[in-house]
Amino acid sequence: MRATVIYGAGDVRVETVPDARLIEPSDAVVRVTRAAICGSDLWPYKSMPASDTGRMGHEFIGVVESVGADVQSIMVGQLVIAPFLISDGTCAFCREGLQTSCLHGGRWGGDGNDAGQGEAVRVPHADSTLLVLPVAEDESQMARYRPARS
Ligand SMILES: [Zn+2]
């Protein structure tokens, strides 16, 4: 599949990367239909050393293509949105509504995870990480789902 890869400040390329696939039974694979560029994407774009590579994009919308055996609330064909971070929904922090501090979570494009600026994403902890949108995939509705300005 195709996805963005960053090689350092100002050096982002669209390349062929391994296909997103289910690894854990709590995973889903989402085909990305929309991806945002967050201010946090711009930090590495402006300052990342040229010594490492990484994937970009941590805010995306897409259609669920497959789910693992343990996924209960997310179904194939649903339109979903992925928030800033991955969260398990079960740890002490998640139960307190502090998913950004999840003990078993992660970040898109880091920790071996896919990222949103690509054709598809493996989503860990799909039941907790993904939010189902109350609309079908409909371009006339998509403009409503844009990040709030801060
Ligand atoms: Zn958690």
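Conventions and cut-offs
- Residues numbered from 1 in each chain as written.
- Predicted model: local features only at pLDDT ≥ 70, side-chain atom pairs only at ≥ 80, totals over all residues.
- Heavy atoms only, no water.
- Buried < 20%, exposed > 50% of the residue type's maximum accessible area, 1.4 Å probe, protein only.
- Helix = DSSP H or I, 4+ residues; strand = E, 2+ residues; numbered from the N terminus.
- Pairing = 2+ DSSP bridges.
- Core = buried A, V, L, I, M, F, W, Y, C linked by side-chain atoms within 4.5 Å.
- Contact = heavy atoms within 4.5 Å.
- Donors = N, O, S within 2.8 Å, 3.2 Å for Na, K, Ca; no water.
- Tetrahedral: all angles 85-135°; square planar, octahedral: opposite > 155°, others 65-115°.
- Polar contact = N/O pair within 3.5 Å; in protein donor to acceptor, adjacent residues only side chain to side chain.
- Salt bridge = Lys/Arg side-chain N within 4 Å of Asp/Glu carboxyl O.

1. Topic: the pairing of strand β1 (residues 2–8)
Okay, so step 1: The element β1 is largely enclosed, with a buried count of 5 among its 7 residues.
Okay, so step 2: Summarising the sheet, β1 and strand β2 (residues 11–16) pair through 6 bridges and their orientation is antiparallel. Residue Gly8 lies in a different strand from β2, and its bridge partner there is Asp11.
Okay, so step 3: Hairpin remark: β1 followed by β2, antiparallel, with 2 residues in the connecting loop; positive phi at Gly10, about 75°.
Okay, so step 4: With 2 bridges connecting them, β1 and strand β4 (residues 54–55) associate as antiparallel partners. Paired with Ile6 across the bridge in β4 is Gly54.

2. Looking at the nonpolar core
Okay, so step 1: Counting 16 residues, the largest nonpolar core has Val30, Phe60, Val64, Trp108, Val121, Val123 and Leu130 as its most contacted members.
Okay, so step 2: Broken down by element, this core gets its largest block of residues, 3 residues, from strand β3 (residues 28–35).
Okay, so step 3: With residues near it in sequence (within four places) discarded, Leu130 still touches Ala28, Val30, Ile74, Val80, Ile81, Ala82 and Val123.
Okay, so step 4: Counting residues in hydrophobic clusters, the runner-up holds 7 residues, among them Met1, Val17, Val29 and Ala120.

3. Digging into the coordination of the zinc ion
Okay, so step 1: Here the zinc ion is held by the protein donor atoms Asp88 (OD), Cys91 (SG), Cys94 (SG) and Cys102 (SG), which lie 2.0 to 2.3 Å from it.
Okay, so step 2: Metal-centred angles of 93 to 122° between the 4 donor atoms at the zinc ion mark the site as tetrahedral.
Okay, so step 3: All donors of the zinc ion belong to a single chain; written as a sequence motif, their spacing is D-x2-C-x2-C-x7-C.

4. A word on the sheet that holds β3
Okay, so step 1: Across the sheet, 5 strands lie side by side as β9-β3-β5-β6-β10; this open sheet has antiparallel pairing. Each edge of the sheet is formed by a strand with only one pairing partner; in this case those strands are β9 (120–123) and β10 (131–132).

5. Considering the sheet that holds β4
Okay, so step 1: Pairing in this open sheet of 3 strands is antiparallel, and the strands run β2-β1-β4 from one edge to the other. A strand with exactly one partner marks an edge of an open sheet, and here the two such strands are β2 and β4.

6. Description of the side chain of Asn113
Okay, so step 1: Tracing the backbone shows Asn113 in the loop between β8 (106–107) and β9.
Okay, so step 2: For Asn113, a relative accessible area of 12% translates into the label buried.
Okay, so step 3: A polar side-chain atom of Asn113 sits 3.2 Å from the main-chain carbonyl oxygen of Arg107.

7. Re the pattern of salt bridges
Okay, so step 1: Counted according to the given criterion, the structure contains 4 salt bridges.
Okay, so step 2: Between Asp27 and Arg122 there is a salt bridge, and its shortest N-O distance comes to 2.6 Å. Here Arg122 lies in strand β9 and Asp27 lies in the loop between β2 and β3, a separation of 95 residues in the sequence. Residue Asp27 shares its accessibility class with Arg122, and that shared class is buried.
Okay, so step 3: Between Glu65 and Arg31 there is a salt bridge whose closest N-O contact spans 3.4 Å. Separated by 34 residues along the polypeptide, Glu65 in strand β5 (residues 60–67) and Arg31 in strand β3 bring together distant segments of the chain.

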